[in-house]
Amino acid sequence: MKITAREVPPRAAWTLEQAGVHPLLARLFASRGVRTAEELDDSPARLLSPGDLKGATQAATLLADAIQQGQRICIVADYDCDGATACAVGLRGLKMLGARLDQVSFVVPDRAVHGYGLTPPIVDMVRAKQADVLVTVDNGMASHEAVRRAREQGLKVIITDHHLPVVLDDGQVSLPEADVIVNPNQPGCAFASKALVGVGVMFYVLLALRAELRQRGVFDAANQPRIDNLLDLVALGTIADVGKLDDNNRRLVAQGLKRIRAGRMQPGIAALFTAAGRDPKKATSQDFGFALGPRVNAAGRLAEMGLGIECLSTDDAGRADALARQLDTINRERRELESGMREQAEQLLENLMPEDEPPPAVAIYDPDFHEGVVGIVASRLKDRLHRPTFVFALGQDGLLKGSGRSIPGFHLRDALDVISKRHPGLLKRFGGHAMAAGCTIAEEDFDTFDAELIRIAQEGLDPSLLLRQISTDGPLDAQWFTPETVAELDSAVWGPGFDAPVFSDLAEVLGQRLVGERHLKLSLRVQGQVRDGIWFGRTEPLPARTQLAYRVSLDEFQGRQRVQIVVEGAVDPA
């Protein structure tokens, strides 16, 4: 492990501080590329225009026609939190904009039965609902066969997605023959935020639809429906899907957090905060990523995502509360299953490489693994090994379903594309992003996949990238170890591409003990001051002196607030 410090452009930090930004935040924002206070303006007026999102205007026309002609619209969702929030945004938004209750429905694939995305069997389920218009959310870019089937059966097809399109062997991009595709990552789209996730794309389609209906005279600007009422859902889906926080995504999340802190949120969001034991008045982006998101995702992993979608789309607070408690129970089961599977996977790794360094990429499979949690286990192993990692489980159809997570410098979806070209037919299905991807293979092809993944990593990964690096914001001055400063930090929007603050200091370890058998409780002297600390998931003792990378959080006990150091990593100070 290597601990490095971000560079802080002094002029930018000074400019932000002169504009009234908290001195510590000015330093943090400047090191993340912010140059002026205007860039921190998160008002809705500064959001990108839906007119720049290719296909949004055409999708709005089709949906406006469908609403006014009484046609039925069916949303095909994905079974993760992004897909669930996108579906809920679509259901709520279409009704806000005039669709009758019986005009709008949804279908969500079962992970184990149907697999990912729009497939011919899902099209049949849509037809069974007597739909006229099929709208995908967070999926559809690779669904060529299913889109053909839908259109052959007379359905209009609108794809809203953010995943990368299929690239053929000759380098040409292949798009499904839908009536409209709305995706910032499709060829020819000038929308500046390529990091928009599925729920963000659906939100922008609704903005375009509202503009179309306004132009048709359905309502005027003074009494138009408030689509921004859905931004709590957009914020949850954006963070839960690990969307890069570029300027536009930061504004979407910031607006969602403001609504939640003010008590203006969907009943399902409020119920999930209660189930997670979190206070919505103090909501942070970390609550989305580590509390609400996992509870929604658990439905798609171990049950069926219809539970999560209903929780997020119902207006009945009692029903939302019951569903949130059910999701919490499922999430507890998921955690237990994940814990056992992770231990099993780590034992497999030790058997495979008892003494040697792990290869530059890792793929593991065991017949007892559960398909619903392979992605989480892959993420945990990736964090531990700092290697691109795939974990496979046996699906109900007899094929292996794999989920992968990567490290900076290794594009996972591109690696799968290389495998598909070197071994035609080996990947039955694949897709994803740079940092997360999935695929389906035959059980007998696992060894070939494993060897090819390692080969691609050996070819394309610089050995220096296999050393885990923690980028920090340098030392935290003693004056900022206060509850007020932690509250200032928590109020900002942090996430991928705009990383949460991590500081680095030399520490003297005064005391250490295990708590809960899995966590290291610490007493530390930092900058001459004694501080409480904890390292979650660490059991090995620390040396007397060490260089720490850490976050700061509030430890609230018996009504007292104390600033606590949460350790992320440590290296020998020598």
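Draft legend 1. Fine view of the overall build of the chain. A count of helices and strands for the chain gives 17 helices and 19 strands. In terms of overall dimensions, the chain is globule-like: its C-alpha atoms have a radius of gyration of 24 Å, near the 25 Å expected for 574 residues. With respect to the three principal axes, the spread of C-alpha positions in the chain is 70 × 60 × 45 Å. Looking at the chain as a whole, 53% of its 574 residues are labelled buried. Residue pairs at least 24 apart in sequence account for 66% of intrachain contacts in the chain once pairs closer than 6 positions are excluded. Of the roughly 24500 Å² that the chain leaves accessible, carbon and sulfur atoms contribute 48%. When the 65 positive and 77 negative side-chain charges of the chain are each reduced to one mean point, those points stand 5 Å apart.

Draft legend 2. Seen up close, the pairing of strand 15 (residues 503-515). As paired elements, strand 15 and strand 18 (residues 545-557) share six bridges and run antiparallel to each other. Considered in strand 18, the bridge of S504 is made with A549. As judged from the eight bridges shared by strand 15 and strand 16 (residues 519-526), these two strands associate in the antiparallel manner. Within strand 16, the residue paired with Q512 across the bridge is L522. Hairpin connection from strand 15 to strand 16: three residues lie between these consecutive antiparallel strands, with G516 at a positive phi of about 60°.

Draft legend 3. Structural context of the pairing of strand 13 (residues 436-441). As defined by bridge partners, strand 11 (residues 400-405) adjoins strand 13 across six bridges and the pair is classed as antiparallel. Bridge pairing links R405 to A436 in strand 13.

Draft legend 4. Up close: unusual backbone geometry. Of note in the backbone geometry, Q130 takes a positive phi value of approximately 60° without being a glycine. Within the secondary structure layout, Q130 lies in the loop between helix 5 (120-128) and strand 4 (133-137). Residue classification places Q130 among the exposed positions, given a relative accessible area of 57%.

Draft legend 5. Layout of the side chain of Q266. In this structure, Q266 sits in the loop between helix 9 (247-261) and helix 10 (267-276). Polar side-chain contacts of Q266 include one of 2.8 Å to the backbone oxygen of N229. Those residues in contact with Q266 that sit more than four places away from it in its chain are R92, N229, L230, D232, L233 and L312.

Draft legend 6. Structural view of the sheet that holds strand 4. Strand order across the open sheet formed by five strands is 3-2-4-5-8, with parallel pairing between neighbours. Of all strands in the sheet, those with a lone pairing partner are strand 3 (104-107) and strand 8 (180-182), marking the two edges. Between one strand axis and the next, the sheet turns by 20° as a mean value, whatever way the strands run. Relative to strand 3, strand 2 (residues 73-76) is paired through four bridges, and the arrangement is parallel.

Draft legend 7. Focus on the packing of aromatic side chains. Considering all chains together, one arrives at twelve aromatic pairs under this definition. With 5.1 Å between their ring centres and 75° between their planes, F191 and Y204 make a pair best called edge-to-face. Taken together, the residues F191 in the loop between strand 8 and helix 7 (198-215) and Y204 in helix 7 connect sequence positions 13 residues apart. Of the two residues, F191 and Y204, neither departs from the other in class, the shared state being buried. Its guanidinium or amino end placed over the ring of F481, R531 lies 4.0 Å from that ring's centre, counting from NZ or CZ. The ring of W535 has R538 lying over it, and the distance from NZ or CZ to the ring centre is 4.4 Å.

Draft legend 8. Just helix 3 (residues 56-68), in detail. With 13 residues, helix 3 should reach 18 Å at 1.5 Å per residue; the first-to-last C-alpha distance of 18 Å fits that figure. Within the sequence span of helix 3, burial applies to A56, A59, A60, L62, L63, A64, A66 and I67. Structurally, helix 3 contributes buried residues whose contacts are with strand 2, helix 4 (81-96), strand 4, strand 5 (156-160), strand 8 and helix 7. Two residues or fewer after helix 3 comes G70, characterised by a positive phi angle close to 75°.

Draft legend 9. Region of interest: the nonpolar core. Counting 120 residues, the largest nonpolar core has F29, L94, L206, L209, I269, L312 and V552 as the members making the most contacts within it. Counting residues per element, this core draws most heavily on helix 7, which supplies eleven residues. Contact partners of L94, with chain neighbours within four places excluded, come to L63, I67, I73, I75, A99, V104, L206 and L209. By size, the runner-up hydrophobic cluster in this structure holds 24 residues, among which are L400, I419, A437 and C439.

Draft legend 10. Fine view of the layout of surface pockets. The volume enclosed by the second largest pocket comes to roughly 360 Å³. Around the second largest pocket, the lining comprises 18 residues; the ones closest to its centre are F29, L40, D42, A492 and V493. Secondary structure elements with two or more residues in the lining of the second largest pocket: helix 2 (23-31) and helix 9. With seven residues, helix 9 is the largest single contributor of residues to the lining of the second largest pocket. When grouped by side-chain class, the residues that make up the lining of the second largest pocket number nine nonpolar, one polar and eight charged.

Draft legend 11. Region of the structure containing the packing of helix 8 (residues 231-240) against helix 9. It is the contact of helix 8 with helix 9, at a shortest axis distance of 7 Å, that shows an interaxial angle of 125°. Between helix 8 and helix 9, the crossing angle belongs to the class labelled oblique. When you trace helix 8 past helix 9, the crossing you get is left-handed. From helix 8, L231, D232, V234, A235, T238 and I239 reach across to helix 9, where they touch N249, L252, V253, Q255, G256, R259 and I260.

Draft legend 12. Spatial organisation of the sheet that holds strand 15. A barrel is described by the order of its strands in space; here five strands give the closed sequence 15-16-17-19-18, paired in mixed fashion. For this sheet, the mean angle separating the axes of adjacent strands, direction not counted, is 45°. Here helix 17 (residues 483-491) sits on the sheet in contact with strand 15, strand 18 and strand 19 (560-571), set at roughly 90° to strand 18.

Reading the values: rules and limits
- Residues numbered from 1 in each chain as written.
- Predicted model: local features only at pLDDT ≥ 70, side-chain atom pairs only at ≥ 80, totals over all residues.
- Heavy atoms only, no water.
- Helix = DSSP H or I, 4+ residues; strand = E, 2+ residues; numbered from the N terminus.
- Rg over C-alpha atoms; globule rule 2.2 N^0.38 Å.
- Buried < 20%, exposed > 50% of the residue type's maximum accessible area, 1.4 Å probe, protein only.
- Contact = heavy atoms within 4.5 Å.
- Areas by Shrake-Rupley, 256 points an atom, 1.4 Å probe, with all protein chains shown as cover.
- Lys, Arg positive; Asp, Glu negative; His and termini not counted.
- Charge placed at Lys NZ, Arg CZ, Asp CG, Glu CD.
- Pairing = 2+ DSSP bridges.
- Polar contact = N/O pair within 3.5 Å; in protein donor to acceptor, adjacent residues only side chain to side chain.
- Axes fitted to C-alpha atoms, helices over the stretch in contact; angles between N-to-C directions.
- Phe/Tyr/Trp six-rings, centres within 6.5 Å; stacked < 30°, edge-to-face > 60°.
- Lys NZ or Arg CZ within 6 Å of the ring centre and 35° of its normal.
- Expected span 1.5 Å × (residues − 1).
- Core = buried A, V, L, I, M, F, W, Y, C linked by side-chain atoms within 4.5 Å.
- 1 Å grid on protein atoms, 1.4 Å probe; cavity = no way out; pocket = protein on both sides within 12 Å on 5 of 7 lines; lining within 4 Å.
- Points joined across faces, edges and corners; volume = space filled by probe spheres on them.
- Nonpolar A, V, L, I, M, F, W, Y, C, P; charged D, E, K, R; others polar.
- Parallel < 35°, antiparallel > 145°, perpendicular 65-115°, else oblique.
- Left-handed = near helix turned anticlockwise from the far one by under 90°.

The values are spatial; any link to function lies outside them.
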